[in-house]
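Read off the chains here:
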Amino acid sequence: MEFAEVDGRRFAYIRRGQGEPLLLIQGMGAHHQFWGEDLLSALEQHYDIVAFDHRGIGESGWAAEPFNTADLAADAAGIIKAVGWRDAHVFGISLGGMVAQELALGFPELVRTLTIGGSWAGGPDGVMSETALRVVTAMATKDIGHSLRTGYEANFSAGFTGHFDRYAAVALAVRVPVKVVQLQWEAGNNHDTSERLPTITAPTLVIHGTADAMLPVANGKHIAGLIPGARLELLPDVGHLFWWEDPARVASLLLEHAR
């Protein structure tokens, strides 16, 4: 792990590969290992990748007070600068996709291209599922087995079977406090960029699995419809952790978009 300091808070990150800068922003309750070797090994041949852990996750610094997605976007902006980049391609998923939206809105000069995966814009047309609430509720019980099984069933399509042990190993590899997940949940619930997304100028790609039970596919269509010129890529019968289910396709889409 490497470390960057942003406004007095330490952030842990991994850096690998070479090429144009690519910042990866993870989702609620997740950490850098959730990107997976399949996707990272495909991307590192073309990108200088930085994947960081959000405040309060793993070895990143404290997160005792409530925050919003704009606060997390300021963290991401600080990391881009701290690692020595002038700007970067940005790929955020789920909560990370909300953060990426705020990053493109609040710090447009730092975003070369924007890719939003499995996320939502909030507002009256946003669709939050009961599945997402069930995952947070399961984590709050602190029953590890129940939490892992609930998360696995929520994050993948019915056809993606036989990967529970891998998912459990990754989930438990880095410290993710329940309190931080609850703060992230509140930030995501309060996220609303729906009226501001039409002002985004970065070339934008929206990726969404049609079998996403956490944030239904209507959200991806909503986001793509709000951002001028955005390209929407729907992955048929794929769940919320779409880059686990089809890493080669996701890597190809990112490369194509950056070019």
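What counts, and at which threshold
- Residues numbered from 1 in each chain as written.
- Predicted model: local features only at pLDDT ≥ 70, side-chain atom pairs only at ≥ 80, totals over all residues.
- Heavy atoms only, no water.
- Pairing = 2+ DSSP bridges.
- Helix = DSSP H or I, 4+ residues; strand = E, 2+ residues; numbered from the N terminus.
- Axes fitted to C-alpha atoms, helices over the stretch in contact; angles between N-to-C directions.
- Contact = heavy atoms within 4.5 Å.
- Phe/Tyr/Trp six-rings, centres within 6.5 Å; stacked < 30°, edge-to-face > 60°.
- Buried < 20%, exposed > 50% of the residue type's maximum accessible area, 1.4 Å probe, protein only.
- 1 Å grid on protein atoms, 1.4 Å probe; cavity = no way out; pocket = protein on both sides within 12 Å on 5 of 7 lines; lining within 4 Å.
- Points joined across faces, edges and corners; volume = space filled by probe spheres on them.
- Nonpolar A, V, L, I, M, F, W, Y, C, P; charged D, E, K, R; others polar.
- Expected span 1.5 Å × (residues − 1).
- Polar contact = N/O pair within 3.5 Å; in protein donor to acceptor, adjacent residues only side chain to side chain.

A. Region of the structure containing the sheet that holds strand β2 (residues 9-16). Strand order in this open sheet of eight strands is β1-β2-β4-β3-β5-β6-β7-β8, and the pairing throughout is mixed. Here the strands that pair on one side only, and so sit at the sheet edges, are β1 (2-6) and β8 (231-235). Averaged over all neighbouring strand pairs, the angle between strand axes comes to 25 degrees, with direction disregarded. Looking at chain direction, strand β6 (residues 111-117) and strand β7 (residues 204-209) are connected through four bridges and run parallel. Within the sheet, the bridge partner assigned to T115 lies in β7 and is L205. Sheet strands touched by helix α2 (residues 69-82): β1, β2, β3 (20-25), β4 (47-52) and β5 (88-93). Its angle to β1, the strand with the most contacts, is close to 120 degrees. The strands that helix α3 (residues 95-106) touches are β3, β5 and β6; relative to β5, the one it contacts most, it runs at about 145 degrees.

B. Main features of the packing of aromatic side chains. Evaluation of the coordinates by the stated rule reveals 14 aromatic pairs. Note on F91 and F242: the rings are 6.4 Å apart at their centroids and 50 degrees apart in plane angle, and the pair reads as tilted. You can see F91 sitting in strand β5 and its partner F242 sitting in helix α9 (residues 242-245), a full 151 residues away along the chain. For the pair shown, F91 and F242 are each scored as buried. An angle of 85 degrees between the planes, with centres 5.5 Å apart, marks the rings of Y152 and F164 as edge-to-face.

C. Layout of the layout of surface pockets. One number sums up the size of the largest pocket: a volume of about 580 Å³. If you list the elements that add at least two residues to the lining of the largest pocket, you get α4 (130-140), α5 (144-155) and α6 (164-171). Split by residue class, the lining of the largest pocket holds 18 nonpolar, eight polar and three charged.

D. Spotlight on helix α7 (residues 178-190). The end-to-end C-alpha separation of α7 is 19 Å, in line with the 18 Å expected for 13 residues at 1.5 Å each. Here α7 has its buried residues at V180, V181, L183, Q184, W185, A187 and G188. Considering only its buried residues, α7 is in contact with α2, α3 and α4.

E. Quick look at helix α8 (residues 218-226). Turning to α8, its buried residues are N219, G220, H222, I223 and A224. Each element contacted by the buried residues of α8 is listed here: α3, β6, β7 and β8.

F. Spotlight on the side chain of T204. Summarising the element assignment, T204 is placed in strand β7. At 2.8 Å, the side chain of T204 and the backbone oxygen of A202 are in polar contact. Once residues lying within four places of it in the same chain are set aside, the contact partners of T204 are L114, I116, I227, G229, A230, R231 and H257.

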